[in-house]
Amino acid sequence: MDTIKDRYHFAKLALFNVRLMHSLQEAGPPVSEIIAKESKRNGMVETPRLLHQGTFLQFSYTCLVWLWESAKIEKIEQGLLENLPDTAKRLDLQFPSSIVGERAVEDWKSVIRLVRNALGHGRVQTTDTHFIFSDQNCYGKNKESKPTELSLTWEDTAKLSEATIHSLTPILWPDAANKSLHSEFSEPADAGNASSREL
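Residues numbered from 1 in each chain as written. Predicted model: local features only at pLDDT ≥ 70, side-chain atom pairs only at ≥ 80, totals over all residues. Heavy atoms only, no water.

1. So, the packing of helix α1 (residues 4–25) against helix α3 (residues 53–73)
At a minimum axis distance of 10 Å, the contact between α1 and α3 shows a crossing angle of 165°. One way to sum up the angle between α1 and α3 is to call them roughly antiparallel. Crossing of α1 against α3: the hand is left-handed. In this structure, α1 contributes Ile-4, Arg-7, Tyr-8, Phe-10, Ala-11, Ala-14, Leu-15, Val-18 and Met-21 to the contact, and α3 contributes Thr-55, Phe-56, Phe-59, Thr-62, Cys-63, Trp-66, Leu-67, Ser-70 and Ala-71. Among the residues forming the contact of α1 with α3, the class breakdown is 14 nonpolar, three polar and one charged. (Axes fitted to C-alpha atoms, helices over the stretch in contact; angles between N-to-C directions. Helix = DSSP H or I, 4+ residues; strand = E, 2+ residues; numbered from the N terminus. Parallel < 35°, antiparallel > 145°, perpendicular 65-115°, else oblique. Left-handed = near helix turned anticlockwise from the far one by under 90°. Contact = heavy atoms within 4.5 Å. Nonpolar A, V, L, I, M, F, W, Y, C, P; charged D, E, K, R; others polar.)

Here is the structure:
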């Protein structure tokens, strides 16, 4: 079975892929010609952008479900949660403001719980700019009468996913954590492109 350090490494590779696709998307010819050719070969009427809903859903599942679950199994989730607010601040990730439903979502722990459950159960709606994550507790003493929905832009979904990686770094490698983290995802209005500086 792979360890949390293995999964961390795979998540970093997923982050690298997102950044690489952004660079390739902006590269122009001949890269754009290769993308157009592959699009045509796959029967697409229009050439898609390399960063789209599927890209960010894959990245968020890798980080927020697959990698996070390893932190729970290895009993370091509490440290991950403790590091997350500071990491979010360093990534300029604001606490979500678009939350509708009866559940009290008042801290990053409750945000992560809702988003993880939505991803794990496929309860995610997509728009041209946002993901809408939905979760409902249908059992037990805290049973909810309707789902609670939390909306994040593609950009903020990517930042939250990246924050998971960086929040684990000082736990897994206490002497190697980058104290000068500067990373950002920028999202043009028509595409949700992502870019990031050095880890």
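Back to the text.
2. What about the sheet that holds strand β3 (residues 130–135)?
Taking strand neighbours across the sheet as the criterion, the four strands line up as β1-β4-β3-β2 in an open arrangement whose pairing is antiparallel. Of all strands in the sheet, those bounded by a partner on one side alone are β1 (99–100) and β2 (124–126). Contacting β3 and β4 (148–153), helix α6 (residues 154–172) runs over the sheet at an angle of about 95° to β4. (Pairing = 2+ DSSP bridges.)

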